[in-house]
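Residue-level structure breakdown
Residue strings, one per chain:
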Amino acid sequence: SQFLDSLHTSRDRAMVLLMLLGGLRKSEVLGLSLEDLDFGQRTVMVREAKGGRSRVVPVAASAFEAMLRYLNEERPRSASTRVFLAMKGPRRGQPLSVPALDTIIDYHRRRAGTPEVQCHRLRHTCLTRLRQSGMSLEAIQAQAGHRSILTTRIYLHLCPKELREEYL
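Before going into details, it helps to say that this report is about the structure given with it. (Residues numbered from 1 in each chain as written. Predicted model: local features only at pLDDT ≥ 70, side-chain atom pairs only at ≥ 80, totals over all residues. Heavy atoms only, no water.)

**As for the overall build of the protein**
If you tally the helices and strands in the protein, you get 9 helices and 3 strands. Each helix and strand of the protein, placed in order from N terminus to C terminus, yields the pattern α-α-α-β-β-β-α-α-α-α-α-α. The C-alpha radius of gyration of the protein comes to 16 Å, within 12% of the 15 Å expected for a compact globule of 168 residues. Along the first, second and third principal axes, the C-alpha atoms of the protein reach 55 × 35 × 25 Å. Considering the protein as a whole, with its 168 residues, one finds that 44% of them fall into the buried category. Summed over its atoms, the accessible surface of the protein is roughly 9600 Å², and 51% of this surface lies on carbon and sulfur atoms. Separation between the mean location of the 27 positive side-chain charges and that of the 17 negative ones in the protein comes to 4 Å. (Helix = DSSP H or I, 4+ residues; strand = E, 2+ residues; numbered from the N terminus. Rg over C-alpha atoms; globule rule 2.2 N^0.38 Å. Buried < 20%, exposed > 50% of the residue type's maximum accessible area, 1.4 Å probe, protein only. Areas by Shrake-Rupley, 256 points an atom, 1.4 Å probe, with all protein chains shown as cover. Lys, Arg positive; Asp, Glu negative; His and termini not counted. Charge placed at Lys NZ, Arg CZ, Asp CG, Glu CD.)

This is the structure we're talking about:
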């Protein structure tokens, strides 16, 4: 919550929510094109996924709300079809780069006093929470874009309280 509250722009909030609520990798977030967004179905088409496989990912409404605010109010005019663009400086209107996203995350991590927040940890949190909510491992595998279910299992963690409840 502290970290999310530190985000100034709808663009930054949308990018973080895609990782936190959709389980996308940072490169997948930055690879999204306008045509990949389906606001009606609340899904994104991840075309530039790790391993070259594409997938359709459902994402919570709050991420789409932040994206819509960004697209309507903040996104600079650009010939680029990429969703997330630099909003100021000499790269204004050009696709945001991975180092730029890392800088944004680092800035907000320091500002919010949440040094543990990282892009990949947001993804881990999403997948773990989906499992805690009862989603099957196979569905989480599809959400994450993993080839192997073994990779998916590595991502999932039970806290001691949950482990005790499962045992009981």
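Back to the write-up after that little detour.
**Comments concerning the packing of helix H2 (residues 10-22) against helix H6 (residues 119-132)**
Following both chains from N to C, one finds H2 and H6 inclined at 40°, their axes separated by 6 Å at the closest point. Taken together, the axes of H2 and H6 are oblique relative to one another. Of the residues in H6, those touching H2 at Val16, Met19, Leu20, Leu21 and Gly22 are Cys119, Leu122, Arg123, Thr125 and Cys126. Considered class by class, the residues forming the contact of H2 with H6 number 7 nonpolar, 2 polar and 1 charged. (Axes fitted to C-alpha atoms, helices over the stretch in contact; angles between N-to-C directions. Parallel < 35°, antiparallel > 145°, perpendicular 65-115°, else oblique. Contact = heavy atoms within 4.5 Å. Nonpolar A, V, L, I, M, F, W, Y, C, P; charged D, E, K, R; others polar.)

**Here we look at the side chain of Ser10**
Mapped onto the elements, Ser10 comes out in helix H2. Sequence-distant contacts of Ser10, that is, excluding residues within four places in its chain, are made with Ala66, Arg69, Tyr70 and Glu74.

**Some thoughts on the side chain of Arg123**
Residue placement: Arg123 occurs in helix H6. Buried charged residue Arg123 carries no salt bridge. Nearest counter-charge: Glu28, at 4.4 Å. Of note is the side chain of Arg123, whose polar atom sits 2.4 Å from the backbone oxygen of Gly23. (Salt bridge = Lys/Arg side-chain N within 4 Å of Asp/Glu carboxyl O. Polar contact = N/O pair within 3.5 Å; in protein donor to acceptor, adjacent residues only side chain to side chain.)

**As for H2**
A turn of α-helix holds 3.6 residues, and therefore any two residues three or four places apart point the same way. A large share of H2 lies buried, amounting to 11 of its 13 residues. Among the residues making up H2, those that are buried are Ser10, Arg11, Asp12, Ala14, Met15, Val16, Leu17, Leu18, Met19, Leu20 and Gly22. After H2 finishes, the residue Gly23 shows a positive phi value of roughly 75°.

**With respect to the pattern of salt bridges**
Per the counting criterion, the structure on display carries 7 salt bridges. The salt bridge involving Arg47 is made with Asp36; its shortest N-O contact spans 2.4 Å. Of this pair, Arg47 sits in the loop between strand E2 (43-46) and strand E3 (55-58) while Asp36 sits in the loop between helix H3 (26-31) and strand E1 (37-38), placing them 11 residues apart in sequence. Taken together, the shared-partner salt bridges connect Arg25, Glu28 and Arg55 into one network.

**Details of the pairing of E2**
Bridge analysis of E1 against E2 gives 2 bridges, and the strand direction is antiparallel. Pairing of Asp38 across the sheet is with Thr43, part of E2. What sits between E1 and E2 in their antiparallel hairpin is a turn of 4 residues, with Arg42 showing a positive phi close to 55°. Relative to E3, E2 is paired through 4 bridges, and the arrangement is antiparallel. What sits directly across from Thr43, in E3, is Pro58. (Pairing = 2+ DSSP bridges.)

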